[in-house]
Structures are given as structure tokens and as C-alpha cells.
Amino acid sequence: MIYVVGSLNMDISATLARFPRAGETVTAESVLTNPGGKGANQAAAIGKLGGDCAMLGKVGSDVFGEQMINNLKSYGVRTEHVTASQCESGTALIWVHKGNNRIVLNSGANGTLTENDVNKGLENAQAGDILMLQLEVPLDTVAHALRVGKRKGMITMLNPAPAVQLGSEIYENSEIITPNETETQILTGIMPDCEVNVALAVKKFREMGASNVIITLGKTGSAVAVGKEITLIPAHKVKVTDTTAAGDTYVGAVAVKLSEGENIVDAAKFASYASALKITRKGAAVAIPTLKEVEEFIALRNATK
């Protein structure tokens, strides 16, 4: 079982000919409203990629909340521990231009997720189950969930996004951390823009208490640090349409493969295919590929080598 403790947001995504300057209004080429949030996106990725997933989180007492729960259910995600708070649901306002995005986040109900919610949601978790977290819910709740997961013998994964400075306990209780380039620079002070800097960033993460590190590097690919080895996994060249939820697809895919008994490097190689296919499509959870689609994509890529 894979447990995702995290955020659920309604994403309102506008595709623009260019980003507006201060004080300027631009007309959107298109607008999509889709359920998202890093936690929900990762849970959706797990469900669509064939994993057994349970979501723990909060939505608001509004129409967005009901839509987000039903959306997760449609992907096969268990939602009995997604509960309603007496405030608005979280929302994300996303600007997309030439495949790049800028996001404004309102945490809403996500900010009300408590340690008690975590205790209830993880009550039946077992050693060897996977626990995934991000940083769009209260940091104290994240730290508590990691302690619970560690105590239960779960495989704990932290996607430190959006990046904030973290205490050593959080790193030590995260068996795998999965920052992107920007998050790596914020957390370590090192931009992982070459192999030397990737190694320096990994060293810094480990000095702060981390064990296994996966750094996603955008169009360059990803770097997987396990033990003394750092494996560089190249990106797959595709036409980029929208990078929203690419990282969530990647870490969700890693979790699925780990739950099936694969090692971290092989799981990351599969994840690189899943995230590459995702960025060819517009939207967040709705654009995450299914297991069948990823397998077909891998077969096609291997056939053309």
C-alpha cells in the first residue's frame, strides 16, 4: 500500500501567449479547471500507474472539495481519509507559457491537516508500506507523519516542495528525498547544473541527514544517489506542452515501482518515461498517463533505438 499525505487543490490553469508584466492584463488562449495539488497529483499518478494508493488530506466544504474527492476515486485512489474542513478548498492559479509555468497557491483547507488526521489515516499502515509527503500541508504535520512512518517501518519519501528550510529530523526520517533543481538550490545553496554540482548537492543533503536522494533535473533528466553511487538518468526528448505535475508524475511512478519491489534506480528509470509522456499533454492529474500508456511509450522508444 502507498499512503500519500498531502494537499488537494483545484487548479485553474491559463495558457498565455506571454506572461504579463506588472499592472498588465493579457488575454488567455485557454483556461482549464482541474483537480490538482501536489499530494493529490501524486496519488492520481500512483492510481493511474497501477499502484494501490490511499490519500490523506483535507478539502473545503464547497463544490471543489466534492469534485476533488470524486476525481481521485475515478483513478482508483482510496479517499476515506480525505475529510472536509469548514473553510475553502485549496486552489492553485497556474500560468502556462511555452511549456513553462508560474503558480500562485492558496492552501485553504490543506492548512488544517493535523497530526490526529495522520494518526487515523496511518492506523493500519504496515512495515514495508510506502509513505509519501510534500510541503503543501503544515510542516509540523509533515514531521509527525514522517516520525510515524519511520516508527512503523514504512518506506518514507519526501518531495520537498515548495522548498523551505528543514530540520535534520525531517531529513533523517525521509528514506528518499526527491527535490527538483530549484528546490535543491534553495535547500543546499548549490544549483545542480553539472555532475560536480550534483555530487556536491548530494553531499550537502547527506550532511543535513538525508539518505537516498533523487534530484529531478528538468530537460537534463535526473540524478539518483544511493549509497556511494550517483546514477545519471537522461531525459527522453519529447515535444513539451505543459510541465505542470511532471514532478508529481515522476515521484508517483517511483513509488509504484518501489511498491512492486524494484530498486530505486530502476524505479527512477521508469519514472523518467512516465514524466516525459506527461509533459506532452496539457493539464495536471487529467494529463498523467496510465500504466498501459507508459508501457506503450517505453516499447515505442526502445523500438526506435
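These numbers come from a predicted model, not from an experiment.

This brings us to the overall build of the protein chain. Helix and strand content of the protein chain: ten helices and 13 strands. Taking 19 Å as the expected radius of gyration for a compact globule of 305 residues, we find that the protein chain reaches 18 Å, a close match to that expectation. Along the longest, intermediate and shortest principal axes, the C-alpha atoms of the protein chain span 50 × 45 × 40 Å. When each of the 305 residues of the protein chain is scored for burial, the buried share is 54%. When contacts within the protein chain are restricted to residue pairs at least 6 apart in sequence, those whose partners lie at least 24 apart make up 67%.

Time to look at the pairing of strand S2 (residues 9-15). Across the seven residues of S2, six count as buried, placing the element largely inside the fold. Summarising the sheet, S2 and strand S3 (residues 30-36) pair through seven bridges and their orientation is antiparallel. Residue pairing across strands places Met-10 opposite Pro-35, the latter belonging to S3. Summarising the sheet, S2 and strand S6 (residues 90-97) pair through seven bridges and their orientation is parallel. Within S6, the position partnered with Asn-9 by the bridge is Gly-90.

All right, on to the sheet that holds S3 then. Strand order in the open sheet formed by four strands is S3-S2-S6-S7, and the pairing between neighbours is mixed. Two strands in the sheet have a free side with no partner beyond their single neighbour: S3 and strand S7 (100-106). When the angles between neighbouring strand axes are averaged without regard to direction, this sheet yields 20°. Sheet contacts for helix H2 (residues 63-74): S2, S3 and S6; angle to S2, the most-contacted strand, approximately 90°.

Right, let's talk about the packing of aromatic side chains for a bit. Evaluated as defined, the whole model comprises three aromatic pairs. Their ring planes at 80° and their centres at 6.1 Å tell us that Tyr-273 and Phe-297 sit as a pair that is edge-to-face. Of this pair, Tyr-273 sits in helix H9 (residues 264-278) while Phe-297 sits in helix H10 (residues 291-303), and the two are 24 residues apart along the sequence. For the pair formed by Tyr-273 and Phe-297, the shared burial category is buried. Directly above the aromatic system of Phe-270 lies the positively charged group of Lys-257, at a separation of 4.5 Å from the ring centroid.

Moving on, we come to the packing of helix H1 (residues 38-48) against helix H8 (residues 246-259). Here H1 crosses H8 at 50°, and the two axes come no closer than 8 Å. If you check the angle between H1 and H8, you find them oblique. Crossing of H1 over H8 shows right-handed handedness. In this structure, H1 contributes Lys-38, Asn-41, Gln-42, Ala-45 and Ile-46 to the contact, and H8 contributes Asp-248, Thr-249, Val-251, Gly-252, Ala-255 and Val-256. Grouping the amino acids of the contact of H1 with H8 by side-chain chemistry returns five nonpolar, four polar and two charged.

Picture a little ball the size of a water molecule; that probe, rolled over the atoms, points out where space is still empty. Quantified by volume, the largest pocket comes out at close to 1500 Å³. Breaking the lining of the largest pocket down by element, the ones donating at least two residues are S2, H1, S6, S7, helix H6 (181-188), strand S12 (221-226), H8 and H9. Its residues placed into classes, the lining of the largest pocket shows 19 nonpolar, 21 polar and ten charged. Quantified by volume, the second largest pocket comes out at close to 150 Å³. As for the second largest pocket, its lining consists of Glu-181, Pro-192, Asp-193, Cys-194, Glu-195, Val-198, Leu-217, Thr-220, Ser-222, Leu-232, Ile-233 and Pro-234. Elements that contribute at least two residues to the lining of the second largest pocket include exactly helix H7 (195-207) and strand S13 (229-234). Partitioned by chemical class, the residues of the lining of the second largest pocket number seven nonpolar, two polar and three charged.

Parameters and conventions
- Residues numbered from 1 in each chain as written.
- Predicted model: local features only at pLDDT ≥ 70, side-chain atom pairs only at ≥ 80, totals over all residues.
- Heavy atoms only, no water.
- Helix = DSSP H or I, 4+ residues; strand = E, 2+ residues; numbered from the N terminus.
- Rg over C-alpha atoms; globule rule 2.2 N^0.38 Å.
- Buried < 20%, exposed > 50% of the residue type's maximum accessible area, 1.4 Å probe, protein only.
- Contact = heavy atoms within 4.5 Å.
- Pairing = 2+ DSSP bridges.
- Axes fitted to C-alpha atoms, helices over the stretch in contact; angles between N-to-C directions.
- Phe/Tyr/Trp six-rings, centres within 6.5 Å; stacked < 30°, edge-to-face > 60°.
- Lys NZ or Arg CZ within 6 Å of the ring centre and 35° of its normal.
- Parallel < 35°, antiparallel > 145°, perpendicular 65-115°, else oblique.
- Left-handed = near helix turned anticlockwise from the far one by under 90°.
- Nonpolar A, V, L, I, M, F, W, Y, C, P; charged D, E, K, R; others polar.
- 1 Å grid on protein atoms, 1.4 Å probe; cavity = no way out; pocket = protein on both sides within 12 Å on 5 of 7 lines; lining within 4 Å.
- Points joined across faces, edges and corners; volume = space filled by probe spheres on them.

In short, shape yes, function no, at least from these values alone.
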